[in-house]
Amino acid sequence: MIMDSSIRAAVKCSECGRYTSFHINLFEAKRPTSRRCSCGNIVFKVSATKGEVDIDIPCIACGETHRYKYKIKDLIDKSVNILACPVCGMEIAFLGKEYLVDDMVNRYMDDMLELLTHLGVIDKTKRWVIK
Ligand SMILES: [Zn+2]
Ligand SMILES: [Zn+2]
């Protein structure tokens, strides 16, 4: 089976508000892995079991740590997954293909998604998924 299990992630730091981006190899995440922002804050934890991953992200918007569960296959198949705070809807992370994730970060640096959410274009209760 040949499958690229590596995805790009960009996470908004709950301490300094900057995006940190990195690659994650989901099959290697069987050993729980975490990533830090350049400010030293841990922004992302991932652990994989039986084809699923648990992702913990401390949320800049509400101060809680949110857990997101995905099937590894779904994460790899989808172009981009946007992880939003379930409380306020602010986007806190993007996962997916490198060029798309980087593009999202560049665009959403301008808080475009917040604007779209405000305008009702994006449903804040759901993860916004682009196929
Ligand atoms: Zn930081
Ligand atoms: Zn939150």
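Above this text you will find the structure in question.
Residues numbered from 1 in each chain as written. Chains lettered and ligands numbered in written order. Predicted model: local features only at pLDDT ≥ 70, side-chain atom pairs only at ≥ 80, totals over all residues. Heavy atoms only, no water.

Asks: Can you help me understand the environment of N41 in this one?
Replies: In this fold, N41 is placed in the loop between β3 (33–36) and β4 (42–49). We classify N41 as buried; its relative accessible area is 16%. Taking the C-alpha atoms as reference, N41 lies 6.7 Å from E15; in sequence the two are 26 residues apart. Leave out the neighbours within four places in its chain, and N41 touches C13, S14, E15, R35 and R36. (Helix = DSSP H or I, 4+ residues; strand = E, 2+ residues; numbered from the N terminus. Buried < 20%, exposed > 50% of the residue type's maximum accessible area, 1.4 Å probe, protein only. Contact = heavy atoms within 4.5 Å.)

Asks: What is the right way to look at the pattern of salt bridges in this model?
Replies: Pairs may arise between side chains of opposite charge once their charged atoms sit close together. This model, assessed by the stated rule, comprises seven salt bridges. Residue R67 pairs with D54 through a salt bridge whose shortest N-O separation is 3.4 Å. With R67 in strand β6 (residues 65–71) and D54 in strand β5 (residues 52–58), this residue pair connects regions lying 13 residues apart in the sequence. By sharing partners, the salt bridges in this structure join D54, D56, R67 and K69 into a single network. (Salt bridge = Lys/Arg side-chain N within 4 Å of Asp/Glu carboxyl O.)

Asks: Honestly, the sheet that holds β4 in this entry has me stumped. Any pointers?
Replies: Hydrogen bonds between backbone atoms are what pair the strands of a sheet, whose relative direction is either parallel or antiparallel. Taken in spatial order, the four strands line up as β3-β4-β5-β6 in an open sheet, and their pairing is antiparallel. Looking at which strands have only one partner, the edges of the open sheet turn out to be β3 and β6. In this sheet, adjacent strand axes meet at a mean angle of 20 degrees when their direction is disregarded. (Pairing = 2+ DSSP bridges. Axes fitted to C-alpha atoms, helices over the stretch in contact; angles between N-to-C directions.)

Asks: Which parts of the structure should I look at to understand the packing of aromatic side chains?
Replies: Two descriptors summarise a pair of aromatic rings, namely the distance from one centre to the other and the angle between the planes of the rings. On inspection of all chains with the given rule, the structure shows two aromatic pairs. Seen from their ring centres, Y19 and F94 are 5.8 Å apart, and the 20 degrees between their planes marks the pair as stacked. Remark: F94 occurs in strand β8 (residues 91–96) and Y19 occurs in strand β2 (residues 19–25); sequence separation between them is 75 residues. Note on accessibility: Y19 and F94 belong to one class, buried. Measuring from centroid to centroid gives 5.1 Å for F22 and F44, while their planes differ by 65 degrees, and the two rings are edge-to-face. (Phe/Tyr/Trp six-rings, centres within 6.5 Å; stacked < 30°, edge-to-face > 60°.)

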